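Letter by letter, the chains look like this.
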Amino acid sequence: MRQICLLRRSSCMLFSCLQKIRAHAANTPARQVVRVIFDKWQLQLQRWADYQSLFGLMAFIAVFLGVLYAQRGATTAYQVHSTIASIVVPGGTMLHSTDDIYSW
């Protein structure tokens, strides 16, 4: 029984010493420098992710504006298509029955 008490006491003392060493090591200048470098690296990674999101948004806007620019003359293109369709397709432009489709 006495040996168990001594073992407990020595393990408690060892644990206490380890806590003191860790507390002292947490405040060393080297650990502080590493912490500052790590924090700056985390900020840089976040900044890169933010720039990737920004470039993705800019690419989407560029494609969207490109599509809008390509469709700017849609009414003129429709008028040209309807004029050509009236010349090429004999009769009316509306097909009302299957006989119209077969005759076309």
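Note that the structure is predicted; figures quoted are calculated from it, not measured.

**Here we look at the overall build of the protein chain**
Alright, step 1. Along its length, the protein chain carries 4 helices and 0 strands.
Alright, step 2. When the helices and strands of the protein chain are listed from N to C terminus, the series reads α-α-α-α.
Alright, step 3. The proportion of buried residues among the 104 residues of the protein chain is 1%.
Alright, step 4. Total accessible area on the protein chain is roughly 10000 Å²; 68% of this is exposed by carbon and sulfur atoms.

**Focus on the confidence of the model for the protein chain**
Alright, step 1. Mean pLDDT over the protein chain works out to 76, with 62% of the residues at or above the 70 mark.
Alright, step 2. Within the protein chain, helix α2 (residues 29-70) carries the highest mean pLDDT (92), whereas helix α1 (residues 2-26) carries the lowest (59).

**Topic: a nonpolar patch on the surface**
Alright, step 1. A cluster of nonpolar side chains, namely Leu57, Phe60, Ile61, Phe64, Leu65 and Leu68, defines an oily patch on the protein surface of about 600 Å² accessible area.
Alright, step 2. Tracing the chain through its elements places Ile61 in helix α2.
Alright, step 3. For Ile61, a relative accessible area of 40% gives the class partly exposed.

**Re the packing of aromatic side chains**
Alright, step 1. Under the defined criterion, the tally for this structure stands at 3 aromatic pairs.
Alright, step 2. Both rings, one in Trp41 and one in Trp48, keep their centres 5.7 Å apart while their planes meet at 85 degrees; by these two values the pair is edge-to-face.
Alright, step 3. Here the aromatic rings of Tyr51 and Phe55 are separated by 6.3 Å at their centres, their planes lie at 25 degrees, and the arrangement is stacked. Placement of the pair is Tyr51 and Phe55 together in helix α2, with a separation of 4 residues, close to one helical turn.

What counts, and where the lines are drawn
- Residues numbered from 1 in each chain as written.
- Predicted model: local features only at pLDDT ≥ 70, side-chain atom pairs only at ≥ 80, totals over all residues.
- Heavy atoms only, no water.
- Helix = DSSP H or I, 4+ residues; strand = E, 2+ residues; numbered from the N terminus.
- Buried < 20%, exposed > 50% of the residue type's maximum accessible area, 1.4 Å probe, protein only.
- Areas by Shrake-Rupley, 256 points an atom, 1.4 Å probe, with all protein chains shown as cover.
- pLDDT = per-residue confidence, 0-100.
- Patch = residues over 30% accessible without salt bridge, like charges linked within 9 Å, V, L, I, M, F, W, Y side chains within 5 Å.
- Salt bridge = Lys/Arg side-chain N within 4 Å of Asp/Glu carboxyl O.
- Phe/Tyr/Trp six-rings, centres within 6.5 Å; stacked < 30°, edge-to-face > 60°.

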